[in-house]
Amino acid sequence: MGSDCLFCRIVAGEIPATIVRETDTTLAFRDISPKAPVHVLVIPKEHYADVATLGQGDPGLAGELLAAAAVVAEDEGLLGDGYRLMFNTGAYGGQEVFHVHAHVLGGAPLGPMICR
Ligand code: 5GP
Ligand code: ZN
């Protein structure tokens, strides 16, 4: 994928991001337009379009992504009050960037899961 994908470019260091955690296989950085006091995106460094493709293509890496998200939530102080972990998937899911990313959202009550 590479140069066509925004998040691959962040992994490559071509686009700046505020990185909060990095492992060999994952990267976590602050969302550029935060929807909550804490809003971190956690991605695999390898390109997968969405969580379904990742989960079926490399379940081990999907597990590493979940583990990284859990550490981010802990590091951001979210464990006590709780938080939301979200994967928007496809058009109806509101996905805008087609490199799989977990949204870690917290720091205040987040309201209902879906606003109509
Ligand atoms: P999606 O709608 O695909 O689930 O979420 C994409 C997220 O990426 C949005 O919350 C959006 O604010 C964030 N985003 C888009 N462009 C950038 C960027 O260049 N840098 C960072 N850090 N976040 C971005
Ligand atoms: Zn990508």
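Structural data are supplied above this passage.
Remember, predicted model here, so these are calculated numbers, not experimental data.

Here is what the cut-offs are and how they apply
Residues numbered from 1 in each chain as written. Chains lettered and ligands numbered in written order. Predicted model: local features only at pLDDT ≥ 70, side-chain atom pairs only at ≥ 80, totals over all residues. Heavy atoms only, no water. Donors = N, O, S within 2.8 Å, 3.2 Å for Na, K, Ca; no water. Tetrahedral: all angles 85-135°; square planar, octahedral: opposite > 155°, others 65-115°. Helix = DSSP H or I, 4+ residues; strand = E, 2+ residues; numbered from the N terminus. Pairing = 2+ DSSP bridges. Axes fitted to C-alpha atoms, helices over the stretch in contact; angles between N-to-C directions. Contact = heavy atoms within 4.5 Å. Near = heavy atom within 4 Å. Polar contact = N/O pair within 3.5 Å; in protein donor to acceptor, adjacent residues only side chain to side chain. Buried < 20%, exposed > 50% of the residue type's maximum accessible area, 1.4 Å probe, protein only.

1. Examining the coordination of the zinc ion (ligand 2)
For step 1, the next point in the chain: Protein-derived ligands of the zinc ion (ligand 2) are Cys 5 (SG), Cys 8 (SG), His 47 (ND1) and His 99 (ND1), with the metal-ligand distances lying across 2.0 to 2.3 Å.
For step 2, the next point in the chain: Angles of 103 to 118° at the metal separate the four donor atoms of the zinc ion (ligand 2), which places the site in the tetrahedral class.
For step 3, the next point in the chain: The motif formed by the donor residues of the zinc ion (ligand 2), counted along the single chain, is C-x2-C-x38-H-x51-H. With His 47 in the loop between β3 (38-44) and α2 (51-57) and His 99 in the loop between β4 (83-86) and β5 (102-106), this residue pair connects regions lying 52 residues apart in the sequence.

2. A short note on the sheet that holds β5
For step 1, the next point in the chain: Taken together, five strands build an open sheet; the order of strands is β1-β2-β3-β5-β4 and the sheet is antiparallel. Either end of the sheet is taken by a strand with one partner, and the two such strands are β1 (19-22) and β4. In this sheet, neighbouring strand axes are inclined to one another by 20° on average, regardless of whether the strands run parallel or antiparallel.
For step 2, the next point in the chain: Each of β1, β2 (26-30), β3, β4 and β5 touches helix α3 (residues 59-75); the most contacted strand, β3, lies at about 155° to it.

3. Some points on the site of ligand 1
For step 1, the next point in the chain: Taken together, 18 residues lie near ligand 1, and Asp 31, Asn 88, Glu 96, His 101 and His 103 sit nearest.
For step 2, the next point in the chain: The separation between an oxygen atom of ligand 1 and a polar main-chain atom of Val 97 is 2.9 Å.
For step 3, the next point in the chain: A distance of 2.9 Å separates an oxygen atom of ligand 1 from a polar side-chain atom of His 101.
For step 4, the next point in the chain: For the shell around ligand 1, the secondary structure elements donating two or more residues are α1 (6-11), β2 and β3.

4. Things to note about the pairing of β3
For step 1, the next point in the chain: With seven of seven residues buried, β3 lies mostly within the body of the structure.
For step 2, the next point in the chain: Going residue by residue along β3, you find Val 38, Val 40, Val 42 and Pro 44 tucked away on one face and His 39, Leu 41 and Ile 43 tucked away on the opposite face as well.
For step 3, the next point in the chain: As defined by bridge partners, β3 adjoins β5 across five bridges and the pair is classed as antiparallel. Residue pairing in the sheet places Val 42 in a bridge with Ala 102 of β5.

Any functional reading would require information that these geometric values do not contain.
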